[in-house]
Amino acid sequence: VQLQASGGGLAQTGGSLRLDCAASGRAFSPYAMGWFRQAPEKEREFVAGITWSRGRTDYTDSVQGRFTISRDNAKNTVYLQMNSLKSEDTAVYYCAAQTSRVYSLRDRDGYAYWGQGTLVTVSS
């Protein structure tokens, strides 16, 4: 399984960006997909997750109400719509696939496959 993230770039404070993550490879049927981010000198943190079958979502508190995660099962693609961007959203964003329901959506250890990361920079 390979995950290809795209859509990062430069946005102004209050602006919007959409990140896409397309999966390819052998039959793709994850339990869930997630987005994580890593800012300079900080640990990688959970941003949002969605279960593949039922579309149940979870968000970290700092993005609740501003970011929306969604998926297109037919296209094996997960999206992260980011609105009302803030400078603190600046980070490299990674998509990931979770193959087991043993872990919560927020648990980084539950994600077996990771994309290469895409940089999001928010400036005032």
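To be clear, the structure that these remarks concern was listed above.
Since the structure is predicted, the reported quantities are computational estimates derived from the model, not experimental observations.

The next point concerns the overall build of the chain. Scanning the chain from terminus to terminus reveals zero helices and 11 strands. Ordered by position from the N terminus, the helices and strands of the chain form the series β-β-β-β-β-β-β-β-β-β-β. Compactness check: the chain gives a C-alpha radius of gyration of 13 Å against a globular reference of 14 Å for 124 residues, within 12% of the reference. A principal-axis box enclosing the C-alpha atoms of the chain has dimensions of 40 × 25 × 25 Å. For the chain, with 124 residues in total, the buried portion stands at 41%. In the chain, once contacts between residues fewer than 6 apart in sequence are set aside, the share between residues at least 24 apart is 55%. The distance from the centre of the 14 positive side-chain charges to the centre of the 11 negative ones in the chain is 7 Å.

This next bit is on the side chain of Thr60. By secondary structure assignment, the location of Thr60 is in the loop between β6 (57-59) and β7 (67-72). When sequence neighbours within four positions are dropped, the list of residues in contact with Thr60 reads Phe46, Val47 and Arg106.

Membership of the largest hydrophobic core comes to 29 residues, with the highest contact counts inside it found for Met33, Trp35, Leu80, Met82 and Tyr93. The set of elements that each furnish at least two residues to this core consists of β1 (2-6), β3 (17-24), β4 (32-38), β5 (45-51), β7, β8 (77-82), β9 (91-98) and β11 (118-123). Residues contacting Leu80, with those up to four places away along its chain left out, are Leu17, Arg18, Leu19, Trp35, Val47, Ala48, Phe67, Thr68, Ile69 and Tyr93. In terms of nonpolar packing, the next biggest core, distinct from the first, is built from six residues, Ala32, Phe46, Ala96 and Tyr111 among them.

Rules of the game
Residues numbered from 1 in each chain as written. Predicted model: local features only at pLDDT ≥ 70, side-chain atom pairs only at ≥ 80, totals over all residues. Heavy atoms only, no water. Helix = DSSP H or I, 4+ residues; strand = E, 2+ residues; numbered from the N terminus. Rg over C-alpha atoms; globule rule 2.2 N^0.38 Å. Buried < 20%, exposed > 50% of the residue type's maximum accessible area, 1.4 Å probe, protein only. Contact = heavy atoms within 4.5 Å. Lys, Arg positive; Asp, Glu negative; His and termini not counted. Charge placed at Lys NZ, Arg CZ, Asp CG, Glu CD. Core = buried A, V, L, I, M, F, W, Y, C linked by side-chain atoms within 4.5 Å.

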